[in-house]
Amino acid sequence: MNLKRRNKLKGSALLCAMCTITVLSIIAANVLMNCTTRYNASSKQIKAWKEALYAAEGGADVAYREIRRYNTSPGTAFPAANGWSSPAPSPVPTPVSSPSPISTSWAIGYNVSPSPTAQPFGVNNSLSYKVTVDQIAQLPDVYRIRSGGTALLQGFKRVGMDDRLDGITKGDSLLRKIDFNYDHFKAAYGYGEALSTATATSGNGKAQQSVNNAQITRRVELIVVPISPITGAIKASTSFSGPGSAGVVDSYDSKNGAYKGSNPAAPYDADAHDGGVSVGTSSFSQGGQIYGDVTTNGGTASTSNISGVVDNNVAFTLAPQPSPSPHAATTPIPGSSSFTVLATAAADFDDTACPWYFFSSFSNGVISNPSGTAEVYCNVVVTGNISSKLTVAQGVNVRFFMYGNFSMKGKDFDNQNVDGSPSSNPSRAGHIQLFGVSPTSPATQSIDLNPPGNFYMTIYAPGADISMNGNPDLYGAAVCKSWAGNGNTGFHFDKELSNIVKPSDYRVASYVEDVR
Amino acid sequence: MKKPNCHKSVAAFTLVEIMVAVGISSVLLAAILSASISLQKSLNAVDNYFSTHMQQVRIIDYLARDVKRSFSVTTSPDLKTVTCILPNYIIQSGEPEAIANSATIGTRRTPSLNGDVNNQLVDYGTTTRTVIDAQVTIGSTTLISATASFTTNDVTKPITGTRLQTGTTISSVTNSTTVVLSKTASSTGSSMVTTIYGEGMRTVYDAVATNASTTLTSATAAFTSADVGRSVVGTAIQSLTTISSVTNGTTVVLSKAANATSSAMSMTIGGTIVVYTVTGNSITRTENGTLTMIASSTDQLLPQTTDWQASNTEYTNSTVTFLPILTSNSQTMSRTGTTVYSTAYLRNKRRGN
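For clarity, every value in this text was computed on a predicted model and none was experimentally measured.

Moving on, we get to the overall build of chain B. In terms of helices and strands, chain B carries three helices and 24 strands. Relative to its full complement of 353 residues, chain B shows a buried share of 45%. At a minimum sequence separation of 6, the contacts of chain B that also span at least 24 residues come to 58%. Split by element, the accessible area of chain B, about 16,300 Å² in all, is 57% carbon and sulfur.

What follows is the structure, given as structure tokens:
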């Protein structure tokens, strides 16, 4: 009997202990469950939501890099070996039909054989992106990048908050749009343009597509626009010494025809006072009237005889002009500086069909047009000097890459093109573009423009010292190391050159996130 | 017969044993009860902490996203209000494109680009359209396009083209193919690419504002009655300023006086207005004046400090410090503030503004 009683006492103690442990365990489990739920929501979901944007922006950066490469080396941009396909599979993206049909587009990451369905990266390939690039405007060329980034959501599928919009949840899933079982965006909008009420078809891309893992996708759209090396009449990195008191710096727009003077009547007056001058140091000596804005870097320019805004606190640097990289097969040297441009179907200077000519020096040059006055293009590389005379027939677009110096009289510089036509290049000055390949210090480069006569040309020579002697007039634009007007020279900036000269780079002008 | 041994047969506890047992049990029960209460408090604290934390993170996420996709972000002088102007990226019901073609509702808008090549602005305006067959004659104000489908709604709308002067607008509509412009054409030609701007978001560069005055002028804005209520953003314009009334095509009255004098000011008209406001214990987010509960919070958020550094730079740091109030069993539990830090990327510079 005593033993039984003792056994009962021991059993009660064990039971009490077990009950106590059970109660404590339940409470602890409840705490842990709440912690885990909140942790999943606050950590994993937020992490994936942010990483999805990083993935989207990473894809956009890849596309942006290819656009910049397309500007400098079209043949190597958007390589198929990396998964790019062109044109982008319709309807991704939606082709731009206005103002004129533009079919230039690329895509990566979409289901185009043999490219994969997405470009994976990150730890365990937890991130991926899909990108399309299409051109939405021409002259200047403007590109649109649409990138979608996806981040896998780690953990169990049903670990999140719900879509209730009340005082507790605030609709966190509504913000982050988590795809637990299927791709909500594809089901609602297909490739992006389908209406939520539209019937799902292969054309609009709508489909109830399941996902292997819970994931979050974010989409961004970037607009990329060109940066022109021509930003004003004269841009000199070290010094500017203006023309004599009777000289002038002003502007016009060749798409409206030839230069009409410094103070023309309407409607030409709107383009007459944009002859901006920028110098990268304090070395600024004005000289004659400047119709435009003036910037210096620590100078003392005043508004006297300057029609526009004066800012003496603007610093800048000029990118050196590198040696050219011909992408076409080299054309046999014509034998002399007088030659006829090889007849090709080249649409611009960078067209792979555009011929390249090479000279050790270029003197008494005559470049003829094989097609009457039709627009033709050629590149001329001169490892020495350009001097004596130059004649360029109407319709010829020539781009010089000069390693030496340039010296010529205006009367010997014969640019037979005219302002106002054709629409693809209405600038007379834009038909002769002189690029001075930057010399290696201590070597120097000089461009001497001598009287009598006038020059119609565009100069991009960031390492050159330009000297206008006497009283010639230059119609065009100049980017140089220094500029000196030793006489009553006239400098007439053609505003159309900003659109004609090849962009020096591209920039992102707009960023918007598709929050649907 | 032997009398049973009562002392041996009685197995009960002594009073001392019972008292000791009761004492130990009481201590154990008290410990268990205390542990249970502590765990419950911990549960409540954790629950409240995460709930507050989630709200903070959600608001910062929304704020960062809105700032990032804005083309203009301004703060109020008291640093308690942030105003974001967003592009109208998605075509909404009731907008001109949607009225013309309901199939466009909910789709993405292709932007137009304004300005010269080195100062291009991307415009997600609502009614901009482009034709490619416009004909003009130098010195004439008549423009003809077989495809433009002009209506009286086009009067006063800005219009641009390679042969048109800057600041040209449509003065009158002769018929569906012919309009009279406010300025003469600068050259003669046909098949001209022409853009007719609508009543959506647009940017002008010649706005003139006077300090302490609500009157604003712009020779090129081509204001219409449709601009009433739209937001205006500029360096001399206060946050949350809208157009109260339109005096004429070049003059409007603003809802708030300008805070500086400026000429040739860049000013953007239109766009979606998103406003974050710290008011007492709450943070609210409104979109075009409508409270969006999804990103607003009125629960347990007490702003301790606000430090907005949203100047017009490429990068901006936005720091918000909250002091959550944690409660348990009606008792207020104190804790130090939680700093939520967000680095947002403004695109004002990248847009060339």
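What follows picks up the thread again.
Residue and element names in this part refer to chain A. In terms of nonpolar packing, the biggest core is built from 64 residues, with Phe 400 and Phe 406 touching the most fellow members. Considering each element in turn, this core owes the most residues, eight residues, to strand 23 (residues 455-469). Excluding residues that lie within four positions of it along the chain, Phe 406 makes contacts with Ile 386, Phe 413, Leu 434, Ser 446, Ile 447, Asp 448, Leu 449, Phe 455 and Met 457. In terms of nonpolar packing, the next biggest core, distinct from the first, is built from 23 residues, Val 62, Trp 106, Val 133 and Val 224 among them.

Turning to the pattern of salt bridges, a few remarks are in order. Per the stated rule, a full pass over the model turns up 18 salt bridges over all chains. The partner of Lys481(A) in a salt bridge is Asp465(A), with the nearest N and O atoms 3.7 Å apart. Pair noted here: Lys481(A) is in strand 24 (residues 473-486) and Asp465(A) is in strand 23, with a separation of 16 residues, a long-range link. By relative accessible area, which is 25% here, Asp465(A) ends up partly exposed. For Asp66(B), the salt bridge is made with Arg69(B), and the minimal N-O distance between the two is 3.1 Å. What you see here is one network of salt bridges that share partners, running through Asp66(B), Arg69(B), Arg285(B) and Glu287(B).

A separate point is the environment of Leu291(B). Structurally, Leu291(B) is set in strand 19 (residues 290-291). Accessibility expressed as a relative area gives 43% for Leu291(B), which makes it partly exposed.

What characterises a pair of aromatic rings is the spacing of the ring centres plus the angle enclosed by the ring planes. Residue and element names in this part refer to chain A. Overall, the coordinates contain 21 aromatic pairs over all chains when judged by the stated rule. Taking the centre distance of 5.6 Å and the plane angle of 75° together, the rings of Tyr 252 and Tyr 259 count as edge-to-face. For Tyr 252, a relative accessible area of 4% translates into the label buried. Centroid distance Tyr 259 to Tyr 475: 5.6 Å. Interplanar angle 70°. Geometry classified as edge-to-face. Here Tyr 259, found in the loop between strand 8 (248-252) and strand 9 (277-279), pairs with Tyr 475, found in strand 24; they are 216 residues apart in sequence, far enough to count as distant. Among the residues examined, Tyr 475 registers a relative accessible area of 9% and is labelled buried. Of the aromatic side chains, those joined through ring pairs into one cluster are Tyr 70, Phe 78, Trp 84, Trp 106, Tyr 143 and Tyr 506. The positively charged end of Arg 218 is found above the aromatic ring belonging to Trp 49, 3.7 Å away from the centroid. The cationic tip of Lys 235 hangs over the ring face of Phe 316; the distance from NZ or CZ to the ring centre is 4.8 Å.

What follows covers the pairing of strand 8 of chain A. All names here are of chain A. When you tally the buried positions in strand 8, you get five out of five residues, the bulk of the element. Sheet topology note: the strand 8/strand 11 (residues 289-290) ladder contains two bridges and is parallel. Note that in strand 11 the partner of Val 248 across the bridge is Gln 289. The sheet contact formed by strand 8 and strand 25 (residues 490-494) spans five bridges and is parallel. Paired with Val 249 across the strands is Phe 491, a residue of strand 25.

Once that is clear, we can look at the confidence of the model for chain B. All names here are of chain B. Averaged over all residues, the pLDDT of chain B equals 71, while 63% of them reach at least 70. Least confident of the elements in chain B is strand 20 (residues 303-308), whose mean pLDDT is 34; most confident is strand 12 (residues 215-217), at 93. Contacts for the low-pLDDT stretch residues 295-353, under 50 throughout, to residues beyond four places or in other chains number 158 contacts.

A separate point is the pairing of strand 22 (residues 445-450) of chain A. Residues and elements named next belong to chain A. As judged from the four bridges shared by strand 20 (residues 406-415) and strand 22, these two strands associate in the parallel manner. What sits directly across from Phe 406, in strand 22, is Ile 447. Alignment of strand 22 against strand 23, held across five bridges, turns out to be parallel. Among the inter-strand pairings, Ser 446 is bridged to a residue of strand 23, identified as Asp 465.

Conventions used here
Residues numbered from 1 in each chain as written. Chains lettered and ligands numbered in written order. Predicted model: local features only at pLDDT ≥ 70, side-chain atom pairs only at ≥ 80, totals over all residues. Heavy atoms only, no water. Helix = DSSP H or I, 4+ residues; strand = E, 2+ residues; numbered from the N terminus. Buried < 20%, exposed > 50% of the residue type's maximum accessible area, 1.4 Å probe, protein only. Contact = heavy atoms within 4.5 Å. Areas by Shrake-Rupley, 256 points an atom, 1.4 Å probe, with all protein chains shown as cover. Core = buried A, V, L, I, M, F, W, Y, C linked by side-chain atoms within 4.5 Å. Salt bridge = Lys/Arg side-chain N within 4 Å of Asp/Glu carboxyl O. Phe/Tyr/Trp six-rings, centres within 6.5 Å; stacked < 30°, edge-to-face > 60°. Lys NZ or Arg CZ within 6 Å of the ring centre and 35° of its normal. Pairing = 2+ DSSP bridges. pLDDT = per-residue confidence, 0-100.

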